[in-house]
Amino acid sequence: MRAAGELTTALVTGACSGIGLAFATELAALGYTLVLVSNRADALAEVATDLAQRHGIATHPLVMDLARAEAATTLAAELERRGLEVDILVNNAGMLLFGEVAETDPDRAMALLQLHVVTPTLLARHLGARMRARRRGHLLFVSSISAWNDFPGIALYGSSKRYLKSFAAALRSELAVWGVNVTTVAPGATATDLYAGTKVDLALALRLGVMLTPEAVARAGLKAMFARRALVVPGLMAKLFAWGMGATPRWLIDLLRRRAPWLPRPTRRPRA
Ligand SMILES: NC(=O)c1ccc[n+]([C@@H]2O[C@H](COP(=O)([O-])OP(=O)(O)OC[C@H]3O[C@@H](n4cnc5c(N)ncnc54)[C@H](OP(=O)(O)O)[C@@H]3O)[C@@H](O)[C@H]2O)c1
């Protein structure tokens, strides 16, 4: 997959669990020096030590809250201070946020928007500019099949993932002429900690084939990235879901929203 002496360093955000950990593990096995970024110092240090020992690579764990407004700029400055030139950026870190927008804690909404929109955009801006100057590199964005339509109940999550897919597609055209590749991986349901605290039965979902493992998603994402593809939806089930979601008409989504027994009934609009 990798030409010797060419790309050497990869940065993965959200690298200490789930799909991010799977990305880091795959890249470690390919011999990349890894910059691993996440919010939890202990878990990150453990992952960095484990990958370094198992694969004989250098790892740089950077503890950082990527939901802060200045995160991307601080991270870029830290990379420069350490003399690290990133060849592959995996914009993976994310959080799940269910619920009606009007009932969402504004701080949680802000965190999601920073984490899913501002930080990956500015990281791509900072590191993409350096890749452009070197005429090489890969930017990999982790979107979601929820980007295929606009769903009530996950408005913030879904539309931020739609932004990533759209931003990555435009950036891909800008950077292609400079030799820099941009790929989007849009996973369907994947058995990770993202569902911690929900009632989703991961083991059952994996057995039924409606969920993929994070390893399968990461492998598909990296394969598409190294092949310089624009977009990949890993797994047949996720492809079918993405297609189905894209084809679902607005009226049906609104009808389901109105009939959902766990949601409040809409009140009638007062007459003018
Ligand atoms: N699982 C799915 O079904 C699914 C489907 C489609 C797309 N995705 C996307 O895949 C990506 C990875 O999610 P996952 O499923 O692997 O879930 P996960 O296991 O919960 O991983 C999320 C990662 O993001 C990191 N993160 C969250 N908030 C952060 C913050 N403020 N600062 C730094 N790091 C932060 C977490 O690190 P800490 O724990 O250290 O905070 C964690 O490593 C996300 O972008 C998600 O939206 C997942």
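Residues numbered from 1 in each chain as written. Predicted model: local features only at pLDDT ≥ 70, side-chain atom pairs only at ≥ 80, totals over all residues. Heavy atoms only, no water.

Asker: What exactly am I supposed to notice about the packing of aromatic side chains here?
Answerer: Remark: the centre distance and the inter-plane angle together describe each pair of aromatic rings, the angle taken between the planes. Taken as a whole and assessed by the stated rule, the structure comprises three aromatic pairs. Residues Phe141 and Phe167 carry aromatic rings whose centres are separated by 5.9 Å and whose planes lie at 80° to one another, so their mutual orientation is edge-to-face. Of the two residues, Phe141 is situated in strand E5 (residues 138-142) and Phe167 in helix H5 (residues 155-176); the sequence distance between them amounts to 26 residues. What makes Phe141 buried here is its relative accessible area of 0%. Between Tyr163 and Phe167, the aromatic rings sit 5.6 Å apart at their centres with planes inclined by 10°, giving stacked as the arrangement. Of the two residues, Tyr163 and Phe167 both sit in helix H5, four residues apart, roughly one turn of that helix. By relative accessible area, Phe167 is classed as partly exposed at 21%. A connected cluster of aromatic rings, assembled from ring pairs, spans Phe141, Tyr163 and Phe167. Over the ring of Trp178 we find Arg132; its NZ or CZ atom is 4.3 Å from the centre of that ring. When the ring centre of Trp148 is taken as reference, the NZ or CZ atom of Lys165 above it lies at 4.4 Å. (Phe/Tyr/Trp six-rings, centres within 6.5 Å; stacked < 30°, edge-to-face > 60°. Helix = DSSP H or I, 4+ residues; strand = E, 2+ residues; numbered from the N terminus. Buried < 20%, exposed > 50% of the residue type's maximum accessible area, 1.4 Å probe, protein only. Lys NZ or Arg CZ within 6 Å of the ring centre and 35° of its normal.)

Asker: What is the right way to look at the environment of Val47 in this model?
Answerer: Of note, Val47 is situated in helix H2 (residues 41-55). In this structure Val47 comes out as buried when scored by relative accessible area, which is 11%. Discounting chain neighbours no more than four positions away, the residues touching Val47 are Ala15, Cys16, Leu21 and Leu36. (Contact = heavy atoms within 4.5 Å.)

Asker: I tried to follow helix H7 (residues 214-226) on my own but got confused; where do I start?
Answerer: At 3.6 residues per turn, the α-helix brings residues three or four places apart onto the same side. Here H7 spans 18 Å end to end across 13 residues, near enough to the 18 Å set by a 1.5 Å rise per residue. Along H7, the residues classified as buried are Pro214, Val217, Ala218, Gly221, Leu222, Ala224, Met225 and Phe226. Note on H7: the residue one or two positions beyond its end, Arg228, has a positive phi of about 60°. (Expected span 1.5 Å × (residues − 1).)

Asker: What should I look at first to understand the sheet that holds strand E7 (residues 231-232) in this one?
Answerer: Pairing between the strands of a sheet comes from backbone hydrogen bonds, and it takes one of two forms, parallel or antiparallel. One open sheet accounts for seven strands, arranged E3-E2-E1-E4-E5-E6-E7; its pairing is parallel. For this open sheet the edge positions go to strand E3 (59-63) and E7, each flanked by a neighbour on one side alone. Against the sheet, helix H3 (residues 71-81) engages strand E1 (9-13), strand E2 (33-38) and E3, with an angle of about 145° to E3. (Pairing = 2+ DSSP bridges. Axes fitted to C-alpha atoms, helices over the stretch in contact; angles between N-to-C directions.)

Asker: What am I meant to see in unusual backbone geometry here?
Answerer: Glycine aside, negative phi is the norm for most residues, and most peptide bonds take the trans geometry. The phi torsion at Arg135 lies on the positive side, around 60°, for a residue other than glycine. Locating Arg135 in the fold gives a position in the loop between helix H4 (106-134) and E5.

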